[in-house]
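Overview (structure and organization)
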Amino acid sequence: MRPVRVLVVDDDPDVADYLTSFLEDHGCIVESAASAAQAVGVVETFRPDALLVDVMLPGKSGLDLVVTLRRDPRWSELPLVVITGSDQILQDDGRSYMGSHADVRGPDGMLAKPVDRQALLEVLDSLCGGLLLHA
């Protein structure tokens with residue numbers, strides 16, 4: 001079985017480093033991006049199995065990135081997990097934002113910051129077909 005490839009999109013280098021180290025310790029291959037624009041380029045070259053996307057990014061938000069990737073046929077099925085410290089976004093699973101994009105499927109998961117490590121592993125394992133926890 002090959003390792004799960006995860007792209008972490010967060011403009012806070014401490015968060016990105018923490019998530020990268022944690023996921024690498026669990027056998028993942030991880031790349032990171034600090035903005036939505038940078039993430040689109042990394043998706044093209046890295047070809048991840050899943051993305052962890054912070055909501056608050058410079059320029060386009062993480063939810064804008066979800067919309068961008070969902071509208072691209074090459075990436076429309078890519079598992080996307082949003083991570084956020086915003087209680088409002090967590091309470092409605094981002095539906096208030098995604099409602100203005102009714103033609104686009106929202107994120108596949110949503111996790112609060114600070115990220116619960118077990119919940120992160122479980123959601124990634126579920127989205128990546130059991131490749132993570134059962135490797």
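Here we summarise the structure given alongside this text. (Residues numbered from 1 in each chain as written. Predicted model: local features only at pLDDT ≥ 70, side-chain atom pairs only at ≥ 80, totals over all residues. Heavy atoms only, no water.)

Things to note about the overall build of the protein chain
The helix and strand tally for the protein chain stands at 6 helices and 5 strands. Written out in order from the N terminus, the α and β elements of the protein chain read β-α-β-α-β-α-β-α-α-β-α. Across the 135 residues that make up the protein chain, the buried fraction comes to 50%. Long-range pairs, those at least 24 residues apart, make up 68% of the contacts in the protein chain with a sequence separation of at least 6. As displayed, the protein chain offers around 6700 Å² of accessible surface, 51% of which is attributable to carbon and sulfur atoms. (Helix = DSSP H or I, 4+ residues; strand = E, 2+ residues; numbered from the N terminus. Buried < 20%, exposed > 50% of the residue type's maximum accessible area, 1.4 Å probe, protein only. Contact = heavy atoms within 4.5 Å. Areas by Shrake-Rupley, 256 points an atom, 1.4 Å probe, with all protein chains shown as cover.)

With respect to the sheet that holds strand E4 (residues 80-84)
In a beta sheet, neighbouring strands pair by backbone hydrogen bonds and run either parallel or antiparallel. A sheet is described by the order of its strands in space; here 5 strands give the open sequence E2-E1-E3-E4-E5, paired in parallel fashion. In this open sheet, the two strands that pair with only one neighbour each are strand E2 (29-33) and strand E5 (109-112). With strand direction ignored, the average angle separating the axes of adjacent strands in the sheet is 20°. Judged from the 4 bridges that link them, strand E3 (residues 50-54) and E4 form a sheet pairing that is parallel. Its bridge partner lying in E4, Asp54 is registered against Ile83. (Pairing = 2+ DSSP bridges. Axes fitted to C-alpha atoms, helices over the stretch in contact; angles between N-to-C directions.)

Here's the deal with the pairing of E3
Most of E3 is tucked away: 5 of the 5 residues are buried. Sheet analysis places strand E1 (residues 5-9) next to E3, joined by 4 bridges and oriented parallel. Bridging from a neighbouring strand, Leu7 pairs with Leu51 of E3. In this fold, the crossover linking E3 to E4 by way of helix H3 (residues 62-71) has right-handed handedness. (Right-handed = clockwise from strand over helix to strand, strands pointing away.)

Considering the nonpolar core
Of all hydrophobic cores here, the largest spans 21 residues; its most connected members are Leu7, Val9, Val43, Leu51, Leu65 and Leu69. Of all the elements, helix H2 (residues 36-46) adds the most residues to this core, at 5 residues. When residues no more than four places from it in sequence are discounted, the contact partners of Val9 are Ala33, Ser35, Ala39, Leu51, Leu52, Val53, Asp54, Leu57 and Leu65. Judged by nonpolar contacts, the second largest core, of 20 residues, contains Ala16, Ala50, Ile83 and Leu120. (Core = buried A, V, L, I, M, F, W, Y, C linked by side-chain atoms within 4.5 Å.)

Describing the pairing of E1
Across a regular strand the side chains alternate sides, sitting on one face of the sheet and then on the other. Most of E1 sits inside the fold, with 4 of its 5 residues counted as buried. Where E1 and E2 come together, 5 bridges link them in parallel fashion. Directly across from Leu7, in E2, lies its bridge partner Glu31.

Considering the packing of H2 against H3
One can describe the packing of H2 onto H3 by two numbers: an axis separation of 10 Å at closest approach and a directional angle of 35°. Between H2 and H3 lies a crossing of right-handed hand. Note on element contacts: H3 touches H2 through Leu65, Thr68 and Leu69, opposite Ala36, Ala39, Val40 and Val43. Among the residues making up the contact of H2 with H3, the classes are represented as 6 nonpolar, 1 polar and no charged. (Left-handed = near helix turned anticlockwise from the far one by under 90°. Nonpolar A, V, L, I, M, F, W, Y, C, P; charged D, E, K, R; others polar.)

Section: the environment of Ser76
Following the sequence through the fold, Ser76 ends up in the loop between H3 and E4. In the structure, Ser76 is positioned 10 residues away from Val66 in sequence and 9.0 Å away in space, judged by C-alpha atoms. If we ignore the near neighbours within four places in the chain, the residues touching Ser76 are Leu69, Arg70 and Arg105.

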